[in-house]
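What follows is each chain in one-letter form.
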Amino acid sequence: MTSWQAIRLVMGREIRERSRSGAFIVSVAITLLLVAAVLFLPLIFADDDVRYEVGVVGDGSQVVIDAAVALANPPGREVRTTIEVVAFATREAAEAAADAEEVDGVLMDGREIVVRGAGGEAGGALESLLQRGARSVQIESLVASGAGEVVDILTSQPLEVRSLSGADAEENSERSVIAFGGLMLLYMAVLLYGSLILSGVTEEKTNRVVEVLLAAFEPWQLLAGKILGIGLLGLCQFVGTVVIALVGINLTGVIDLPEFPVDSILVLVLWFILGYSLFAVMFGAAGALVSRAEDAQTVVAPISLVAVAGFFIAIQAVSNPTSTLSVVTTFIPPTAPFVAPVRFAFQAIPLWQMAVSVALMILTVVLMTRLAGRVYLGGLLRFGSRVGIREAFRTAEL
């Protein structure tokens, strides 16, 4: 059996065991409840009617507004949304009215939305509502003509959006969402799935299952299989949660989602993989040092503190991505996965700093994997009292 085949077997075992564990099922249930709460509680507890004033220029706007009002007022909903139409003869007059806050927005020829600023709550909700209305009109038109481009419409923004305050505010808002969302995602993944790796190693030591596994697999194969298996399980959970959330957002329109820059998303994925890999091997090695679940939290406390420190440093980087602290922690591997994506999202990190940070991170993951594998080997068959890192490293078989 090759090493990859062995790792795949361990991965499959971890996915089966962890997906049926109570902790994983509870985490999935809590995540779905949180998504449902974010999507539906604003609709349930909304108690005030919503009224917008929309300026229109040219033809084709009224049908979009009618569709938007129909979507915002489904049968049985007590809170009503109304849109009052204010006609303007020229584009300049409509934009002046929007800039003076005489209207909440302007719809130009049913093809373009003009808003005063990108970050306003009313403007964002109105924009989302009109986008849904325009999308509904396009779908009805396609169905009537027998066309089959519904998927393209559902995944695009049919109305062009232009802000009278410029594009900088909107772009910064989008990048801020990416930075903070990615930060929360990595932080949750490190703590949740790192704990699953830790508990998995500890449980196998406690019930002596590890003795049976070591008869068929090398210690490093067990560690690699656990990290990859739990990581894949976590990725599936997050992807599933995101898909469910996006479907719910499209159905309810309760949140206005901007279009995210692709480069920031790719960098976020890269750092998510690097950050998870680093902390996962640390949690796996820590689990091999203890034989009881009661001792696990003591061993893992320093790792958790590092993750917490990285999280709060990244929070500071969101407000000041060019500060000395943000720059220095970009080159420190345990904090870089939290800070570097935030700085990149705000375009506040030079290319050479990103390259050096990634190189240092990859080197650290490789070295930490070798170190963690040796600690894992030295502590895996040591039962009873807690084993120190030095002792585990020194007594590991070469």
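Scroll up for the structure.
Residues numbered from 1 in each chain as written. Predicted model: local features only at pLDDT ≥ 70, side-chain atom pairs only at ≥ 80, totals over all residues. Heavy atoms only, no water.

(A) Quick look at helix 13 (residues 336–345). Most of helix 13 is tucked away, with 9 of its 10 residues classed as buried. For helix 13, every residue scored as buried is listed here: A336, P337, F338, V339, A340, P341, V342, R343 and A345. (Buried < 20%, exposed > 50% of the residue type's maximum accessible area, 1.4 Å probe, protein only. Helix = DSSP H or I, 4+ residues; strand = E, 2+ residues; numbered from the N terminus.)

(B) Structural detail: the packing of helix 10 (residues 262–287) against helix 13. At a minimum axis distance of 9 Å, the contact between helix 10 and helix 13 shows a crossing angle of 175°. It follows from the interaxial angle that helix 10 and helix 13 lie roughly antiparallel. Residues D263, S264, V267, L268, W271, G275 and F279 of helix 10 form the contact with helix 13, whose own contacting residues are A336, P337, F338, A340, P341, F344 and A345. For the contact of helix 10 with helix 13, a count of residues per class yields 11 nonpolar, 2 polar and 1 charged. (Axes fitted to C-alpha atoms, helices over the stretch in contact; angles between N-to-C directions. Parallel < 35°, antiparallel > 145°, perpendicular 65-115°, else oblique. Contact = heavy atoms within 4.5 Å. Nonpolar A, V, L, I, M, F, W, Y, C, P; charged D, E, K, R; others polar.)

(C) Focus on helix 3 (residues 62–72). The set of residues buried in helix 3 consists of V64, I65, A67, A68 and A72. Buried residues along helix 3 cover an arc of 165° about the axis, so they all sit on one side. (Arc of directions from axis to C-beta.)

(D) A look at the nonpolar core. With 47 residues, the main nonpolar core has W271, F279 and F338 as its most contacted residues. Only helix 7 (168–206), helix 9 (219–252), helix 10, helix 11 (293–319), helix 13 and helix 14 (351–380) provide two or more residues apiece to this core. No other element matches helix 10, which puts 13 residues into this core. Ignoring any residue separated from it by four or fewer positions in sequence, one finds F338 in contact with L183, L186, Y187, F279, A307, G310, F311 and A314. (Core = buried A, V, L, I, M, F, W, Y, C linked by side-chain atoms within 4.5 Å.)

(E) Quick look at the packing of aromatic side chains. The tally for this structure, following the rule as stated, stands at 4 aromatic pairs. Each ring, one from F311 and one from F312, has its centre 5.5 Å from the other, and the planes form 85°; the classification is edge-to-face. On the basis of relative accessibility, which here comes to 11%, the residue F311 falls in the buried class. Taken together, the aromatic side chains of Y187, F311 and F312 make up a single cluster linked through ring pairs. (Phe/Tyr/Trp six-rings, centres within 6.5 Å; stacked < 30°, edge-to-face > 60°.)

(F) Molecular detail of the environment of V342. The residue V342 is located in helix 13 in this model. We classify V342 as buried; its relative accessible area is 1%. A sequence separation of 162 residues divides V342 from F180, and the C-alpha atoms of the two residues are 7.4 Å apart.

(G) Region of the structure containing the pairing of strand 1 (residues 50–57). Bridge analysis of strand 1 against strand 2 (residues 81–87) gives 7 bridges, and the strand direction is parallel. Bridge assignment links V50 to a residue of strand 2, and that residue is T81. One ladder, built from 4 bridges, connects strand 1 with strand 3 (residues 105–108); its direction is parallel. Looking across to strand 3, one finds that G55 is bridged to V106. (Pairing = 2+ DSSP bridges.)

(H) Examining the pairing of strand 3 more closely. In strand 3, alternate side chains face the same way, and those of G105 and L107 on one face and V106 and M108 on the other are all buried. As defined by bridge partners, strand 3 adjoins strand 4 (residues 112–115) across 3 bridges and the pair is classed as antiparallel. The residue bridging M108 from the neighbouring strand is E112, located in strand 4. The antiparallel hairpin formed by strand 3 and strand 4 contains 3 residues in its connecting segment, where D109 sits at a positive phi of about 55°.

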